[in-house]
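Below, each chain spelled out in residue letters.
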There are 2 protein chains.
Amino acid sequence: MKQLKLALMGFGNVGQAFGEMLLDKHEEIQNKYGRDVAVTVIATATKGNIYNEEGINLRRVLEDVKETGRFDARMTTDMDHDRLIREADYDCLMELSPLNIETGQPATDHLIGAITRGKHGITANKGPVAWHFRKLRDMAEENRVGFFYETVVMDGTPVFNLVEHTLKMVRVTQVTGILNSTTNFILEELEKGCDMDDIMARGRAMGFIEADPAMDIEGYDAAGKITALLNVLMDAGITPDQVERKGIEDITVEDIADAKARGKVIKLLCRGTRDEQGNVIATVGPEEIPRDHMLASMNSTTSVVSITTDLMKTVSVVEHEPEIMQTAYGVFSDMLRVMELEG
Amino acid sequence: MKQLKLALMGFGNVGQAFGEMLLDKHEEIQNKYGRDVAVTVIATATKGNIYNEEGINLRRVLEDVKETGRFDARMTTDMDHDRLIREADYDCLMELSPLNIETGQPATDHLIGAITRGKHGITANKGPVAWHFRKLRDMAEENRVGFFYETVVMDGTPVFNLVEHTLKMVRVTQVTGILNSTTNFILEELEKGCDMDDIMARGRAMGFIEADPAMDIEGYDAAGKITALLNVLMDAGITPDQVERKGIEDITVEDIADAKARGKVIKLLCRGTRDEQGNVIATVGPEEIPRDHMLASMNSTTSVVSITTDLMKTVSVVEHEPEIMQTAYGVFSDMLRVMELEG
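Note on numbering: residues in each chain are counted from 1, in written sequence order. Lettering of chains starts at A and numbering of ligands starts at 1, both following the order in which they are written. Thresholds applied to this predicted model are a pLDDT of at least 70 for local features of residues and 80 or more for the giving and counting of side-chain atom pairs; totals over whole chains, interfaces and linings are not thresholded and use all residues. Excluded from the side-chain calculation are hydrogens and water; included are all heavy atoms of the structure.

Novice: Where do I start with the overall build of chain A in this structure?
Specialist: Strands here mean DSSP runs of E at least two residues long; helices mean DSSP runs of H or I at least four residues long; both are numbered from the N terminus. When you go through chain A residue by residue, the secondary structure sums to 13 helices and 12 strands. C-alpha atoms define the radius of gyration in this analysis, and the globule rule sets the expected value at 2.2 Å times the number of residues to the power 0.38. The globule rule puts the C-alpha radius of gyration for 343 residues at 20 Å, and the 21 Å found for chain A is close to it. Buried residues in chain A amount to 59% of all 343 residues. As displayed, chain A has an accessible area near 14,200 Å², and 45% of this comes from carbon and sulfur atoms. Side chains of chain A give 37 positive and 57 negative charges; the mean places of these two sets differ by 4 Å. Only protein chains enter the accessibility calculation, which uses a 1.4 Å probe; a residue whose area is less than 20% of its type maximum is buried, one above 50% is exposed, and one in between is partly exposed. Working definition of accessibility: Shrake-Rupley area with a 1.4 Å probe, residue cover restricted to the visible protein chains. Note on charges: Lys and Arg go in the positive column, Asp and Glu in the negative column, and His and the chain ends are not counted at all. By convention, the charge on Lys lies at NZ, on Arg at CZ, on Asp at CG and on Glu at CD.

Structure, rendered in structure tokens:
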């Protein structure tokens, strides 16, 4: 049976959940696509790198990582990331490494390395789509390979695929969303009267508040996501630093109570629209939403994107309180796209 | 340029809006699909029938209907519906005729007539998908043609396409929705304290409340839609009469006020799930929803479907206050699927 060989750049929570999903759905993929999936490369920053052109024993690697947090030294290779990307045998590179949202690196260079070798590229990392979308899209087209990134916004919830595969021939005129779970959770908990330190502690325990939450609270994460959305859906050609950005750092408990008294809720909204010159304008900032509006009902870590178009007015898609499985499904569904491309 | 020839069964509001869309997007379709679209048959119950194997002058027909409500007698044919379906030259039949939800006819027979001739079938009518889905699906497969029905639930908002094209390999375990605009509108207006006669008059003026609203109010429309959803998404193999159905006819203003006092809203909910024996169980009935829940925020004629799956938990898709254009887009997008099938 023909194989699809994967190179995984990164093997943290998402990579491991993806590995489990691959093992679970192994047979079903073979039946449906007539094709086997083999992971030939796993490259990480702290656990070591593994390369096996016949296919890595994924079950064993998952067990090792669960037990020891590292790979078994007998399985690892001395080849570094660059060399693996340049020389290893794989058909599709999956970029799952930690994000540098200020540069989109090293994820973008990993993808370029793969694509220029004629390999497909998948990224769970928003950096490449926020900072270098046109370049990567055009490069993939020239090299006749796939470049997929569904996970970048709302995990595996279809947003990019929604427009490309189910809203054919529409023109997107506007995008609105609540895209950052951390700030959404914080604002809601503040409204309930919870203490900020307590909120942060709980969010960290639940796994979605980072050690340093500034990227979320100051709106950088949301800015990266709305940029990615607008670059893909409206061909905006913008970068995150062009987003008019305001976080929730100045929102006080009094602001929230005051809004509440007027029947409103404060949410961190992302918006994109076209100005009269045809340029796409992106904003991120707190807004007061009437309590009976759909956006006000996006509680806890739930996210939403509303897409306004010429032929279908507005369609909204909602991801309800995601878990790591949904992030893994995003790259999993991108992998299925790659298999369809190869026929 | 190769042509896709369409037979339109019905030319009411949806057919006319589809015709306008086709004229607007004519060139774009040629550029994108390398193919021309020609309407060769328009068959109606009250305006007459037109057949022109070279392609009907759609612009003129639309003008005639706008001005006189009928077709120009010089254009019409004596061939009746059955003969047109059996003998006319077309590649794809589009079923846009008025619905009989109690039987799914004559829409189902129209589709069978086309499909057995090796023609593609598209329906905007929920009857065929609610009453005869498996038969039509299998028949289309045997005849190697497309059978598409996106418009049946929430117009052109992707629901069937969402699962098929963007949630590949997931298993749907549960479906929940608010699918009937009329009852949703009525319940909301009753809560605002409006008088029932006044609500009905406004709904009729806005075009979404029928002369006889019993099909909506007693939950038959919702039952047809949840049946269609479950037949397609969960291979339920059920018919609308198997839905445990309760409408809003017994809901009083007092019930609504009482729910409101407890922070709740009454909505007509459709639900489908699998019992322990693996059978799909469908219900339609009024339920009290907490005011801060997403389902409570579906105001006016807005609809929602929430799809729960094994790999992606719950994804919801929302259609906001649709107009006739969105219904037309549903069959338009099905037509694009047909063009892709033919390659």
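Novice: What exactly am I supposed to notice about the packing of helix α8 (residues 181-191) of chain A against helix α9 (residues 196-206) of chain A here?
Specialist: When two helices pack together, their arrangement is given by the angle between the helix axes and by the axis-to-axis distance. All names here are of chain A. At a minimum axis separation of 10 Å, α8 and α9 run at an interaxial angle of 140°. Taken together, the axis directions place α8 and α9 in an arrangement best described as oblique. Between α8 and α9 lies a crossing whose hand is right-handed. Note on element contacts: α9 touches α8 through Met196, Ile199, Met200, Arg202, Gly203 and Met206, opposite Phe185, Ile186, Glu189 and Leu190. Ten residue types, Ala, Val, Leu, Ile, Met, Phe, Trp, Tyr, Cys and Pro, are classed as nonpolar, four, Asp, Glu, Lys and Arg, as charged, and the remainder, Gly among them, as polar. Tallied by class, the residues present in the contact of α8 with α9 amount to 7 nonpolar, 1 polar and 2 charged. Lines fitted to C-alpha atoms define the axes, with helix axes restricted to the stretch in contact, and inter-axis angles between N-to-C directions lie between 0 and 180 degrees. Should an angle lie under 35 degrees it is considered roughly parallel, over 145 roughly antiparallel, and from 65 to 115 roughly perpendicular; all remaining angles are considered oblique. Left-handed describes a crossing whose near helix is turned anticlockwise from the far helix by less than a right angle; the clockwise case is right-handed. Here, residues are in contact when the closest pair of their heavy atoms is within 4.5 Å.

Novice: Please clarify how the nonpolar core should be interpreted in this entry.
Specialist: Among soluble globular proteins, nonpolar side chains are generally buried collectively. Within this scheme, the nonpolar core is defined by two criteria: the residues are buried Ala, Val, Leu, Ile, Met, Phe, Trp, Tyr or Cys, and they are joined through side-chain atoms within 4.5 Å. By size, the foremost hydrophobic cluster in this structure holds 212 residues, and its most contacted members are Leu6, Phe332 and Met335 of chain A together with Leu6, Phe332 and Met335 of chain B. Residues contacting leucine 6 of chain A, with those up to four places away along its chain left out, are Phe18, Leu22, Val37, Ala38, Val39, Thr40, Val41, Tyr90, Cys92, Met94 and Met335 of chain A. With 20 residues, the next largest nonpolar core counts Ile178, Ile289 and Leu295 of chain A together with Leu295 of chain B among its residues.

Novice: Explain the sheet that holds strand β1 (residues 3-9) of chain A here, please?
Specialist: Strand pairing in a sheet is mediated by backbone hydrogen bonds. Such pairs are either parallel or antiparallel. Residues and elements named next belong to chain A. Read across the sheet, 6 strands follow the order β3-β2-β1-β4-β5-β6 without closing on themselves; strand pairing throughout is mixed. With partners counted over all chains shown, the strands left at the sheet margins are β3 (49-51) and β6 (147-148), one partner each. Two strands pair when backbone bridges link them, and β1 and strand β2 (residues 36-43) are joined in this way by 7 bridges, in the parallel orientation. Counted as the bridge partner of methionine 9 is alanine 43 from β2. Along the sheet, helix α1 (residues 13-33) makes contact with β1, β2 and β4 (92-95), crossing β2 at roughly 160°. Set on the sheet, helix α13 (residues 324-342) makes contact with β1, β2, β4, β5 (120-123) and β6; between it and β5 the angle comes to about 165°. Strand pairing is assigned whenever DSSP identifies at least 2 bridges connecting the two strands.

Novice: Can you help me understand the side chain of aspartate 216 of chain B in this one?
Specialist: Residue and element names in this part refer to chain B. Turning to its location among the elements, aspartate 216 is positioned in helix α10 (residues 214-217). Despite its burial, aspartate 216 pairs with no opposite charge, the nearest such side chain being lysine 225 at 6.2 Å. One polar contact links aspartate 216 to asparagine 180, side chain to side chain, over a distance of 2.7 Å. Identification of polar contacts relies on pairs of N or O atoms within 3.5 Å, with a donor-acceptor requirement for protein atoms, meaning one able to donate a hydrogen and the other able to accept it, and with residues adjacent in sequence counted only if both atoms are side-chain atoms. Among the polar contacts made by the side chain of aspartate 216, one reaches the side chain of threonine 182 at a distance of 3.4 Å. Ignoring anything within four residues of it in the chain, the contact list for aspartate 216 reads Asn180, Thr182, Thr183, Glu210 and Asp221. Salt bridges are identified by distance alone: a Lys or Arg side-chain nitrogen within 4 Å of an Asp or Glu carboxyl oxygen.

Novice: Help me understand the pairing of strand β10 (residues 280-290) of chain A in this model?
Specialist: It is a general feature of regular strands that their side chains alternate between the two faces of the sheet. Residues and elements named next belong to chain A. Two strands pair when backbone bridges link them, and strand β8 (residues 244-245) and β10 are joined in this way by 2 bridges, in the parallel orientation. By the bridge assignment, arginine 245 is partnered in β10 with valine 284. By the bridge criterion, 11 bridges tie strand β9 (residues 264-274) to β10 in an arrangement that is antiparallel. Across the sheet, residue arginine 274 finds its bridge partner in β10, namely valine 280.

Novice: So what exactly am I meant to see when it comes to the pattern of salt bridges here?
Specialist: Pairing is possible between side chains that carry opposite charge, provided their charged atoms lie close to one another. All names here are of chain A. Taken as a whole, this structure holds 51 salt bridges over all chains when the rule is applied. With a closest N to O distance of 3.1 Å, arginine 262 and aspartate 258 form a salt bridge. Taking relative accessible area as the criterion, arginine 262 reaches 43% and is therefore assigned partly exposed. Measuring nitrogen to oxygen at the nearest pair gives 2.7 Å for the salt bridge that ties arginine 262 to glutamate 288. Taken together, the residues span a long stretch of sequence, with arginine 262 in the loop between α12 (253-261) and β9 and glutamate 288 in strand β10 at a distance of 26 residues. Given the relative accessible area of 33%, glutamate 288 is considered partly exposed. The network of salt bridges with shared partners includes Glu188, Glu189, Lys192, Asp198 and Arg202.

Novice: Before we go on, may I ask you to explain the relation of the copies chain B and chain A in this structure?
Specialist: In this structure, two copies of a chain are linked by a rotation about an axis accompanied by a shift along it. We place the copies in one frame by least squares, fitting the C-alpha atoms of every residue whose pLDDT is at least 70 in both. Laying chain B over chain A is done by rotating through 180° and shifting 0.0 Å along the axis; what remains is an RMSD of 0.0 Å. Each copy turns onto its partner about a two-fold axis. Closest approach to the rotation axis among the C-alpha atoms of chain B is made by valine 317 of chain B, whose C-alpha sits 2.3 Å away. Of the residues that chain B buries at the interface, 100% are likewise interface residues in chain A, meaning the two copies contact each other through the same surface.

Novice: How should I be thinking about the side chain of asparagine 180 of chain A in this particular structure?
Specialist: Residues and elements named next belong to chain A. With respect to the element layout, asparagine 180 can be found in the loop between β7 (172-178) and α8. Of the polar contacts made by the side chain of asparagine 180, one reaches the backbone nitrogen of threonine 182; its length is 3.4 Å. Once you skip the residues sitting within four places of it in the chain, asparagine 180 turns out to touch Asp216, Asp221 and Ala222.

Novice: Help me understand the interface of chain B and chain A in this model?
Specialist: Accessible area lost during the coming together of the parts is what is often quoted as the interface size. The interface is formed by 43 residues belonging to chain B together with 43 residues belonging to chain A. Between chain B and chain A, a total of about 3,800 Å² is buried, with carbon and sulfur atoms accounting for 62% of that surface. The interface formed by chain B and chain A holds 6 salt bridges in total. Note that aspartate 310 of chain B is salt-bridged to lysine 25 of chain A, the shortest N-O span being 3.2 Å. Here chain B is connected to chain A by 18 residue pairs in polar contact (both at pLDDT 80 or more). Looking at the side of chain B that touches chain A, the elements with two or more residues in it are α1 (13-33), α7 (160-166), β12 (313-319) and α13 (324-342) of chain B. Split into classes, the residues belonging to the side of chain B that touches chain A amount to 19 nonpolar, 12 polar and 12 charged. The pairing of strand β12 (residues 313-319) of chain A with β12 of chain B spans 5 bridges and is antiparallel. When the bridges of β12 of chain B are listed, glutamate 319 of chain A appears paired with valine 315 of chain B. When two parts are brought into contact, each loses some accessible area as probed by a 1.4 Å sphere; the total of that loss over both is the buried area.

Function cannot be read off these values alone, since they describe shape.
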